[in-house]
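Architecture at a glance
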Amino acid sequence: MDVIISIAIVMGSLGMILGISLAIAARIFYIETDPRQDQIENLLPGVNCGACGFTGCDRYAEAITKSKDKIEINLCTPGGEETTEAIGGIMGVKAEKREKRIAVLMCSAKNVKDKFSYSGPGNCRSAFLTQGGQKNCKYGCLGFGDCAEVCPTEAIYMDENNMPHVIEERCIACGKCAEICPKNLYQILPVSNYVHVRCKNLDKGVS
Ligand code: SF4
Ligand code: SF4
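Cut-offs used in this document
- Residues numbered from 1 in each chain as written.
- Chains lettered and ligands numbered in written order.
- Predicted model: local features only at pLDDT ≥ 70, side-chain atom pairs only at ≥ 80, totals over all residues.
- Heavy atoms only, no water.
- Domains from an automatic or database assignment.
- Buried area = accessible area lost by both parts, 1.4 Å probe.
- Polar contact = N/O pair within 3.5 Å; in protein donor to acceptor, adjacent residues only side chain to side chain.
- Nonpolar A, V, L, I, M, F, W, Y, C, P; charged D, E, K, R; others polar.
- Axes fitted to C-alpha atoms, helices over the stretch in contact; angles between N-to-C directions.
- Helix = DSSP H or I, 4+ residues; strand = E, 2+ residues; numbered from the N terminus.
- Parallel < 35°, antiparallel > 145°, perpendicular 65-115°, else oblique.
- Left-handed = near helix turned anticlockwise from the far one by under 90°.
- Contact = heavy atoms within 4.5 Å.
- Near = heavy atom within 4 Å.
- Phe/Tyr/Trp six-rings, centres within 6.5 Å; stacked < 30°, edge-to-face > 60°.
- Buried < 20%, exposed > 50% of the residue type's maximum accessible area, 1.4 Å probe, protein only.

Looking at the domain arrangement of the protein
For the protein, the assigned domains are domain 1 (35-91) and domain 2 (101-190). Relative placement of domain 1 and domain 2: their C-alpha centres are 30 Å apart. Across the interface of domain 1 and domain 2, roughly 410 Å² is buried in total on both sides, 60% from carbon and sulfur atoms. Its largest share of buried area at the contact with domain 2, domain 1 owes to Cys49, Ala51 and Thr77, together 78% of the area lost on that side. On the surface where domain 1 and domain 2 come into contact, there are 2 residue pairs in polar contact (both at pLDDT 80 or more). Grouping the amino acids of the side of domain 1 that touches domain 2 by side-chain chemistry returns 3 nonpolar, 3 polar and no charged.

So this is what it looks like as structure tokens:
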């Protein structure tokens, strides 16, 4: 019985010492954060899509509060103008309006035949590693839909010919489709830029 009581006293004392040490360390190493950072983070949509160019909403909020006007406050595409205005209210600045941008697929091929039978993993990145992919057109879409898979807003769907299509209203211009496409077929463009040559073929025409 005495042994159990002794162990309990030792453990209790150790716990108390550890608790006091942690409390002292927390005071010594405390880093004061700008309260506006939390306010801005709460305003941001929290989708962590990267459209602003930062790895997540928290990093963008931190950059805005620490940047002293060097970081634009209108970079959150999913949040839109409403969020920009609210951030401007917190920071005491007025932001320029930013035109909506969307992903545009630079390939309009239909029913391109395969030049060989590909039986590897069913994704574009793997197919691309096999002689640039199975399609006869070396510049065009491989059709496995990696872009549709990574899109955080389900703004890309694959049609019956395995060609991707972007639903403009859903696109938040995060650029994830552009990053993953091994054929570099996406461009993020302002909506007013609606005339595109939707082909990446770089071959010269017959002279
Ligand atoms: S656009 Fe690119 S990622 Fe999307 S299906 Fe075509 S090749 Fe694959
Ligand atoms: S279509 Fe592309 S840019 Fe638009 S939301 Fe989807 S992944 Fe992002």
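Structure's up, so let's keep going.
Focus: the packing of helix H2 (residues 35-43) against helix H3 (residues 57-67)
Where H2 contacts H3, the two axes come as close as 8 Å, and the packing angle between them is 140°. The orientation of H2 with respect to H3, classified from their angle, is oblique. The crossing of H2 and H3 is right-handed. Contacts between H2 and H3 involve Arg36, Gln37, Ile40 and Glu41 on the former and, on the latter, Asp58, Ala61, Glu62, Ile64 and Thr65.

Concerning the site of ligand 1
All residues in the neighbourhood of ligand 1 are listed as Leu105, Cys124, Cys141, Leu142, Gly143, Phe144, Gly145, Asp146, Cys147, Pro164, Cys181 and Tyr186. Along the lines of polarity and charge, the residues of the shell around ligand 1 split into 9 nonpolar, 2 polar and 1 charged.

A closer look at the packing of aromatic side chains
Within the structure shown, the criterion is met by 2 aromatic pairs. Look at tyrosine 118 and phenylalanine 144: their rings are 5.8 Å apart centre to centre, the planes differ by 65°, and that puts the pair in the edge-to-face class. You can see tyrosine 118 sitting in the loop between strand E1 (101-105) and helix H5 (124-129) and its partner phenylalanine 144 sitting in the loop between H5 and helix H6 (146-150), a full 26 residues away along the chain. Looking at tyrosine 118, the relative accessible area reads 18%, which means it is buried.

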